[in-house]
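Here's the letter readout for the chains.
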Amino acid sequence: MSFQTTESTKEEFRKYLEKSGVIDQLTRVLVGLYEEPEKPNNAIDFIKKYLGSPTDIDVEKLKIEYEKLKDENLRLNKQVEDLNKELEALRPSDDQ
């Protein structure tokens, strides 16, 4: 029974990959690599480039930059909120 479950799971995954276009895209990439007259030294970089993924990105640097920008955004939103409160306090009220 475990064998059937494993096989059906594999078949479902294969159908998912086929339906989402992953199999076609991977086939195109591999055919492109096969047809390349001069094989690249790094096949992974070739595949990434073919799929449109940049190869020279420092993910850790981007994560650090993201966290800094997120903190700055929070600080600026708090500043806007404080300035709006201050502005409301300085506005003349309609009661006078």
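Described in the following lines is the structure provided in the data block.

Rules of the game
Residues numbered from 1 in each chain as written. Predicted model: local features only at pLDDT ≥ 70, side-chain atom pairs only at ≥ 80, totals over all residues. Heavy atoms only, no water. Helix = DSSP H or I, 4+ residues; strand = E, 2+ residues; numbered from the N terminus. Rg over C-alpha atoms; globule rule 2.2 N^0.38 Å. Buried < 20%, exposed > 50% of the residue type's maximum accessible area, 1.4 Å probe, protein only. Phe/Tyr/Trp six-rings, centres within 6.5 Å; stacked < 30°, edge-to-face > 60°. Lys NZ or Arg CZ within 6 Å of the ring centre and 35° of its normal. Salt bridge = Lys/Arg side-chain N within 4 Å of Asp/Glu carboxyl O.

The helix and strand tally for the protein chain stands at four helices and zero strands. Ordered by position in the sequence, the α and β elements of the protein chain form the string α-α-α-α. The C-alpha atoms of the protein chain give a radius of gyration of 27 Å, which is well past the 12 Å a tight globule of 96 residues would have. Structurally, the protein chain occupies a C-alpha span of about 80 × 45 × 20 Å along its principal axes.

So, on to the environment of Glu-81. Secondary-structure assignment places Glu-81 in helix α4 (residues 59-90). Accessibility expressed as a relative area gives 41% for Glu-81, which makes it partly exposed. Along the chain, Glu-81 and Ser-8 lie 73 residues apart, while their C-alpha atoms are 55 Å from each other.

Taken as a whole and judged by the stated rule, the model has two aromatic pairs. If you follow Lys-39 out to its NZ or CZ, it ends over the ring of Tyr-34, 5.9 Å from the centre.

Here we take up the pattern of salt bridges. Under the definition given, this model contains eight salt bridges. Among the salt bridges present, the one from Glu-11 reaches Arg-14, with a minimum N-O distance of 2.6 Å. With Glu-11 and Arg-14 both in helix α1 (residues 2-19) and three residues apart, this pair spans about one turn of that helix. Overall, the relative accessible area of 36% leaves Arg-14 in the partly exposed class. With its nearest N and O atoms 2.6 Å apart, the salt bridge here joins Arg-91 to Glu-88. On the accessibility criterion, Arg-91 (45% relative accessible area) is partly exposed.

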